[in-house]
Amino acid sequence: MENNLKKVDIIFESDEKISPLAILEKTQKRPADDIILDLIDSGLKGRGGAGFPTGLKWKFTRNEDSDVKYVICNADEGEPGTFKDREIIDRVPEKIFAGMAICGYVIGAKEGYIYVRGEYNFLLKGLQKKLEAFNQGMKKLNIDFTIALKSGSGAYVCGEESALFESMEGKRGEPRNKPPYPTVAGYNSKPTVINNVETLVYTTMICHMGPEKFKALGTTDSRGSKVFSVSGDTPISGIYELELGMPLNEFVNEFGDGDTKAIQVGGASGHCVPRKKFNDTIIGFEGIPTGGSMMIFNSSRSMYNVLHDYLEFFTEESCGQCTPCRVGCQQLLKGIEAVKRGERPPAYLDDLKKLTATMKIAAKCGLGQSVGNPFNSIIDNFREEIIY
Amino acid sequence: MSTTEELIKDLVEKNGKTRNSLMPVLQGIVQSEHYLSEEALLCVARELDLSAADVYGTASFYTFLDTVPRGKNVIRVCKTITCHMKGKDDIINAISNALKVKVGETTHDKKFTLLTANCLGWCHKGPVMLVNDEIYPDLTPQKALEIIEEYAKDAK
């Protein structure tokens, strides 16, 4: 099998000669506006899944007039099929800290928090130790920024940025109305930059190597590389940093087991791509964007079971505050069960698809809005498996 | 003063008497007492000067902040799709038979509670389970039982 995929080594690269703290020291001697321009120029977009340009996010927050601002690292990685942030936290935490501190310098924040999901509590002890050393290191360099850890308690929806702020404020993790966006009113209603773990590491590395090297990777719409979490029916599951903008068929050639029937790109809230569409699907912002989750299914798998599993997941994880999501998720789940049992005609699936369209418009946050992604892509491509 | 009250006063002192401390305080109680009793929730409300409804509202939102009694060791087997494909049902059945409890139940001796969890973030090494805060990837039914046995010894 020919290997066309370009493997990249930016995130986990360990250069003994220059530490993340040294990158920070070097970077904070530069004008903040230059750093923002570099980030915008690099084309870096958020790696958590939503893909907002990182440089702009920092710029908007910098422009806010407030004495208190915050930098938050979103380590509430909960999308089914994603496990790259855990690996990054475990292996290169200093690069995350440095990214947060650079951000703090750029926007004018003195406090940073890392919100780690409760399922990763076993990481906290080691992380805290490394964090204390890094905080000490910053103090010695007279950098006025400190980072602290916050821990979640098992709620997928807290990965939604405004729900995460609510959780940090000691409340139920229910997403807020937007606007205002976090850049204006985030944690404690103060201007806040909230970035994914991987995004923050890329900011450190772009400050280190310059935007040109990063820009040279990927495509016009999807600059740079990305860490992918590969799981399911593959002989080589794990974490891989790959160039963005790759055709899905090349991915399948590399990772599939020779019998790949479908790939779920972007986790439970992402899109299911069937075999016949592998050739004309691009992984990136111009095609199907992803937070990194790539779940591979071979022809022994029932797509009904896959969809059922996702819908159960959303039914349990919906925070319940808005009706379209709370009731919608339940009805989608009951609906496919009823069709499967023959209590509803196959055409009922089309009514359910209309329900996902309503959810997309009416649900308050990304959770309810994106349930239609897996639902419609699985129903459209594997309708017969849902019915019979 | 009961031990719960003492624990809560310590936690509040350590984290600060603000609403923002509510999560770490509740997490600290679960760490020592395995769940949040009515007594604990009321005490937290008093100490942080919040309404009991607010405290219960927050606590009941989070899967890991249990408001019903749990065993000394809480087992959470991941049930999401990749672990499902890799045989999480066999793991759950093996533990369930060995401990003689169904999912959601606690053993009579209060040593173990068996639960399932949504994606734990180890899809490349499924099936996987958490016991308290410890993670156990690449499970087989045999391996899972050996791990449980170790905890049973320690819990005596």
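Residues numbered from 1 in each chain as written. Chains lettered and ligands numbered in written order. Predicted model: local features only at pLDDT ≥ 70, side-chain atom pairs only at ≥ 80, totals over all residues.

### Considering the overall build of chain A
Here's step 1: Scanning chain A from N- to C-terminus turns up 16 helices and 11 strands.
Here's step 2: Computed over C-alpha atoms, the radius of gyration of chain A comes to 21 Å, within 12% of the 21 Å expected from 2.2 N^0.38 for 388 residues, which places it in the range of a compact globule.
Here's step 3: The principal-axis extent of the C-alpha atoms belonging to chain A is close to 70 × 50 × 35 Å. (Helix = DSSP H or I, 4+ residues; strand = E, 2+ residues; numbered from the N terminus. Rg over C-alpha atoms; globule rule 2.2 N^0.38 Å.)

### Re the interface of chain A and chain B
Here's step 1: Between chain A and chain B, the residue contacts involve 37 residues of the former and 29 residues of the latter.
Here's step 2: Within the residue set of the side of chain A that touches chain B, elements represented by two or more residues are α7 (161-168), β5 (225-232) and α11 (303-317) of chain A.
Here's step 3: Among the elements that make up the side of chain A that touches chain B, the one with the highest residue count is α11(A) (5 residues).
Here's step 4: Broken down by class, the residue content of the side of chain A that touches chain B amounts to 11 nonpolar, 16 polar and 10 charged. (Contact = placed C-beta atoms within 7 Å. Nonpolar A, V, L, I, M, F, W, Y, C, P; charged D, E, K, R; others polar.)

### What about helix α3 (residues 38-48) of chain B?
Here's step 1: Residues of α3(B) that are buried include every one of B:Ala40, B:Leu41, B:Cys43, B:Val44 and B:Leu48, and no others. Projection of α3(B) onto a plane perpendicular to its axis shows the buried side chains occupying an angular sector of 165 degrees, all on one side. (Buried ≥ 20, exposed ≤ 12 C-beta atoms within 10 Å, placed from the backbone. Arc of directions from axis to C-beta.)

### Observations regarding the sheet that holds strand β1 (residues 73-78) of chain B
All names here are of chain B.
Here's step 1: Sheet architecture is open: 4 strands sit in the order β2-β1-β3-β4, paired in mixed fashion. Of all the strands in the sheet, the pair left with one neighbour each is β2 (112-117) and β4 (134-136). Ignoring strand direction, the axes of neighbouring strands in this sheet form an average angle of 20 degrees.
Here's step 2: Two strands pair when backbone bridges link them, and β1 and β2 are joined in this way by 6 bridges, in the parallel orientation. Within the sheet, the bridge partner assigned to Val 77 lies in β2 and is Thr 116. (Pairing = 2+ DSSP bridges. Axes fitted to C-alpha atoms, helices over the stretch in contact; angles between N-to-C directions.)

### Side note on the domain arrangement of chain B
Here's step 1: By the assigned domains, chain B splits into domain 1 (3-61) and domain 2 (73-154).
Here's step 2: For domain 1 of chain B and domain 2 of chain B, the distance between their C-alpha centroids amounts to 28 Å. (Domains from an automatic or database assignment.)

### Structural notes on the domain arrangement of chain A
Interface size, as often reported, equals the accessible area lost upon joining of the parts.
Residues and elements named next belong to chain A.
Here's step 1: Domain annotation of chain A identifies domain 1 (20-215), domain 2 (225-298) and domain 3 (303-387).
Here's step 2: Each of domain 1 and domain 3 was reduced to a C-alpha centroid, and the two centroids are 33 Å apart.
Here's step 3: Of the residues lining the interface, 9 residues belong to domain 1; the matching set on domain 3 comes to 8 residues.
Here's step 4: Partitioned by chemical class, the residues of the side of domain 1 that touches domain 3 number 5 nonpolar, 2 polar and 2 charged.

### A few points about the environment of A:Gly210
Here's step 1: For A:Gly210, the position within the fold is in the loop between α8 (197-209) and α9 (211-215).
Here's step 2: When the C-alpha positions of A:Gly210 and A:Arg30 are compared, they lie 13 Å apart, and in sequence the two are 180 residues distant.

### Topic: the sheet that holds strand β11 (residues 293-298) of chain A
By way of backbone hydrogen bonds, the strands of a sheet pair with one another, either parallel or antiparallel.
Residues and elements named next belong to chain A.
Here's step 1: Pairing is mixed in the open sheet, where 5 strands are placed in the order β6-β5-β11-β8-β9. Looking at the sheet topology across the chains shown, the edges are occupied by β6 (238-243) and β9 (271-274). On average, each strand axis in the sheet is inclined to that of its neighbour by 30 degrees, with strand direction left out of account.
Here's step 2: Sheet topology places β5 next to β11; 4 bridges connect them, and they run parallel. Bridge pairing in β11 links Ser 229 to Ser 293.

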